[in-house]
Amino acid sequence: MAIAKNTICLWYDKDAEAAARFYAETFPHSTVSAVHRAPSDYPSGKAGDVLTVAFTVAGIPCLGLNGGPAFKHNEAFSFQISTETQEETDRYWNAIVGNGGAESACGWCKDKWGVSWQITPRVLIEALAAGGGEAKRAFEAMMAMRKIDVAAIEAARRG
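Residues numbered from 1 in each chain as written. Predicted model: local features only at pLDDT ≥ 70, side-chain atom pairs only at ≥ 80, totals over all residues. Heavy atoms only, no water.

Trainee: Any chance you could explain the packing of aromatic side chains here in plain terms?
Mentor: This structure, assessed with the given rule, holds 10 aromatic pairs. A ring pair is formed by phenylalanine 22 and tyrosine 23, whose centres lie 6.0 Å apart and whose planes are at 65 degrees; its orientation type is edge-to-face. Taken as a pair, phenylalanine 22 and tyrosine 23 share a single burial class, namely buried. Relative to phenylalanine 79, the ring of phenylalanine 77 has its centre 5.2 Å away and its plane inclined at 85 degrees; by these criteria the two rings are edge-to-face. With a relative accessible area of 30%, phenylalanine 77 lands in the partly exposed category. Assessed through its relative accessible area of 7%, phenylalanine 79 is described here as buried. Site record: aromatic cluster; members linked through ring pairs are Phe22, Tyr23, Phe27, Phe55, Phe77, Phe79, Tyr92, Trp113 and Trp117. The aromatic ring of tyrosine 92 is capped on one face by arginine 91, whose charged end is 5.2 Å from the ring centroid. (Phe/Tyr/Trp six-rings, centres within 6.5 Å; stacked < 30°, edge-to-face > 60°. Buried < 20%, exposed > 50% of the residue type's maximum accessible area, 1.4 Å probe, protein only. Lys NZ or Arg CZ within 6 Å of the ring centre and 35° of its normal.)

The following block contains the structure:
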């Protein structure tokens, strides 16, 4: 079994396996590679409970730890998923929000486990990187959005 040099560890109350399976079904280049059960009782569970889940989200290796309710996810950490089209943006946004998640601002949303996601069309990234008036117009358009509207960003880029 190959172990990645760097792995993102995400703390869950008890749903690491469900979250990992949802991510694997939702995003390309995502898999669940292993489910490990606790060899004995621990503070948040019993022997035989799912303790950790090894998974990949869009090519990024992760480990889900069922550590209990002590820690919650927040916006200080997020996955940023780059999209090419409005349809792709809608698909990921709707999967996350429609599965018990919540909308936020500027392309951000949270899944039902509290993990934050940025569903970010490439056109927005490119507009912001362009600098100057183009970046300012795209940024101001984005600030009024929840889910990013590709056509509105493209229009803002053009002025």
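Still more to cover.
Trainee: Could you clarify how one ought to interpret helix α5 (residues 150–158) in this entry?
Mentor: Of all the positions in α5, only Val150, Ile153 and Ala156 are classed as buried. An end-on view of α5 places all buried positions within 125 degrees of arc, on one side of the element. Looking at the packing, one finds that the buried side of α5 touches α2 (86–98), β8 (116–121), α3 (122–130) and α4 (132–143). (Helix = DSSP H or I, 4+ residues; strand = E, 2+ residues; numbered from the N terminus. Arc of directions from axis to C-beta. Contact = heavy atoms within 4.5 Å.)

Trainee: For this particular structure, what's the right way to read the sheet that holds strand β6 (residues 102–103)?
Mentor: To summarise the sheet geometry, strands pair through backbone hydrogen bonds and adopt either a parallel or an antiparallel arrangement. The strand order β5-β8-β7-β6 describes an open sheet built from 4 strands, whose pairing is mixed. On the outer flanks of this sheet lie β5 (78–83) and β6, each paired with one strand and no other. Both strand β7 (residues 108–110) and β8 contribute to a ladder of 3 bridges, which runs antiparallel. Following the sheet pairing, cysteine 109 is matched in β8 by tryptophan 117. Each of β5, β6, β7 and β8 is contacted by α2, which is oriented at about 165 degrees to β8, the strand it contacts most. (Pairing = 2+ DSSP bridges. Axes fitted to C-alpha atoms, helices over the stretch in contact; angles between N-to-C directions.)

Trainee: I'm lost on unusual backbone geometry in this one. Help?
Mentor: Comment: phi is negative for the bulk of residues other than glycine, and the bulk of peptide bonds are trans. The residue histidine 29 is not glycine, and still its phi comes out positive at about 60 degrees. Turning to its location among the elements, histidine 29 is positioned in the loop between α1 (16–26) and β2 (31–37). The residue alanine 58 is not glycine, and still its phi comes out positive at about 50 degrees. Since its relative accessible area comes to 37%, alanine 58 is described here as partly exposed.

Trainee: Just to check I follow, could you spell out the environment of phenylalanine 77 for this structure?
Mentor: Position of phenylalanine 77 among the secondary structure elements: in the loop between β4 (60–66) and β5. Along the primary structure phenylalanine 77 and tryptophan 117 are separated by 40 residues, whereas in three dimensions their C-alpha atoms are 8.6 Å apart. Leave out the neighbours within four places in its chain, and phenylalanine 77 touches Ile8, Leu10 and Ser116.

Trainee: Could you clarify how one ought to interpret the packing of α3 against α5 in this entry?
Mentor: Helix-helix packing: each pair is described by the crossing angle between the helix axes and the interaxial distance. Where α3 meets α5, the closest approach of the two axes is 9 Å, and the angle between their N-to-C directions is 25 degrees. Here α3 lies roughly parallel to α5, going by the angle between them. The way α3 lies across α5 gives a crossing that is left-handed. Packed against α3, whose contacting residues are Val123, Leu124, Glu126 and Ala127, the element α5 presents Val150, Ile153, Glu154 and Arg157 at the interface. Taken together, the residues that form the contact of α3 with α5 break down as 5 nonpolar, no polar and 3 charged. (Parallel < 35°, antiparallel > 145°, perpendicular 65-115°, else oblique. Left-handed = near helix turned anticlockwise from the far one by under 90°. Nonpolar A, V, L, I, M, F, W, Y, C, P; charged D, E, K, R; others polar.)

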